[in-house]
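Spelled out, the chains give:
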Amino acid sequence: MQRRFLKMTIALLMSSAVYGQSLGDVARENREKKAEEASTAQPNVITNTDLRKDPDANQEPPEQQATTDVAASSKAADHRSAERRFVEQGLAEQRAADHWKRQILAQKNKMAGLQARIDRLNASIQSAYGSVQTEGPYNRYQARQLQRVAQIQQQLDEQKMKLDQMQEAARHAGMHTAVYDP
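Novice: Explain the overall build of the protein residue by residue, including any values.
Specialist: Scanning the protein from N- to C-terminus turns up six helices and zero strands. Taken over 182 residues, the protein has a buried fraction of 13%. Across the protein, contacts joining residues at least 24 apart in sequence account for 68% of those joining residues at least 6 apart. In the structure as shown, the protein presents an accessible area of about 15,400 Å², 55% of it carried by carbon and sulfur atoms.

Novice: Go over the nonpolar core with me, naming the residues and quoting the values.
Specialist: Ile104, Ile118, Ile152, Leu156, Ala170 and Met175 are the most contacted members of the largest nonpolar core, which totals 14 residues. Elements with a minimum of two residues in this core: helix 3 (62–124) and helix 5 (140–172).

Novice: Talk me through a negative patch on the surface; I want residue IDs and the actual numbers.
Specialist: Judged by side-chain charge, Glu29, Glu32, Glu36 and Glu37 come together as a negatively charged surface patch. Here Glu32 shows up in helix 2 (residues 23–40). Note on Glu32: relative accessible area 45%, which makes it partly exposed.

Novice: Please set out helix 5 residue by residue, giving values where relevant.
Specialist: An ideal rise of 1.5 Å per residue puts 48 Å on 33 residues; helix 5 measures up with 48 Å between its terminal C-alpha atoms. Here helix 5 has its buried residues at Gln142, Gln145, Val149, Ile152, Leu156, Gln159, Leu163, Met166, Gln167 and Ala170. Backbone geometry just downstream of helix 5 places Gly174 in the positive-phi region, at approximately 90°.

Parameters and conventions
Think of each chain on its own: its residues are numbered from 1, step by step along the sequence as written. Only residues with pLDDT of 70 or above have their local features reported here, since the model is predicted, and side-chain atom pairs are shown and tallied only from 80 upward, although totals for entire chains, interfaces and linings are computed over all residues. To obtain the side-chain values, all non-hydrogen atoms of the structure were used and water was disregarded. Helix and strand definitions follow DSSP, with helices as H or I runs of at least four residues and strands as E runs of at least two, each counted in order from the N terminus. Burial status follows relative accessibility: with a 1.4 Å probe on protein chains alone, a residue under 20% of its type maximum counts as buried, one over 50% as exposed, and anything between as partly exposed. Two residues form a contact once any of their heavy atoms are found within 4.5 Å. Shrake-Rupley sampling with a 1.4 Å probe provides the accessible areas, and residues are treated as covered by the protein chains on show and by no other component. Only buried Ala, Val, Leu, Ile, Met, Phe, Trp, Tyr and Cys residues count toward a nonpolar core, and they belong to the same one when joined by side-chain atoms within 4.5 Å. Nonpolar side chains (Val, Leu, Ile, Met, Phe, Trp, Tyr) are joined into patches within 5 Å and like charges within 9 Å, using only residues with over 30% relative accessible area and no salt bridge. In what follows, salt bridge is the name for a side-chain nitrogen of Lys or Arg lying within 4 Å of a carboxyl oxygen of Asp or Glu. Positive charges come from Lys and Arg, negative ones from Asp and Glu, while His and the chain ends are left out of the count. For charged residues, the charge sits on one atom: NZ in Lys, CZ in Arg, CG in Asp, CD in Glu. How far a helix is expected to stretch is found by multiplying one less than its residue total by 1.5 Å.

Written out as structure tokens, the structure is:
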């Protein structure tokens, strides 16, 4: 019985000693242990001899590598500037093509307007026996209308010549068929 009492007392004293310690004290002790372990551990140092050799690596001395790096960066800059010039040239060509196409379409619209006027004038001229152009004018009004048709036809011919010149100039400028013959 005494043994039992003694065991219980010892167990009670030990549990009170363990549970009597605060959580902050336990954390502090843990930190101190870790700090001691970290200070005694040697840092892991990696040197060039520890690294694997790369068979594709450039085996030039550092001075040549620096020169090569400068040359490579200048080549890259030249490539970027050439690429930018190429893009700018493409944009300039596209603007030129759009300009030619707009001019040619405007010329064609002008010619279509003149042709429509000629068609209206010819329709307004009435003849008793068929076409006015074969018989000649029947009255003064028809004579004036025929003069107007002749003037407009002359303008139309001039505009056709101008269109041909524009298309030829676009061809010589290197434009695609879709540009000069829309």
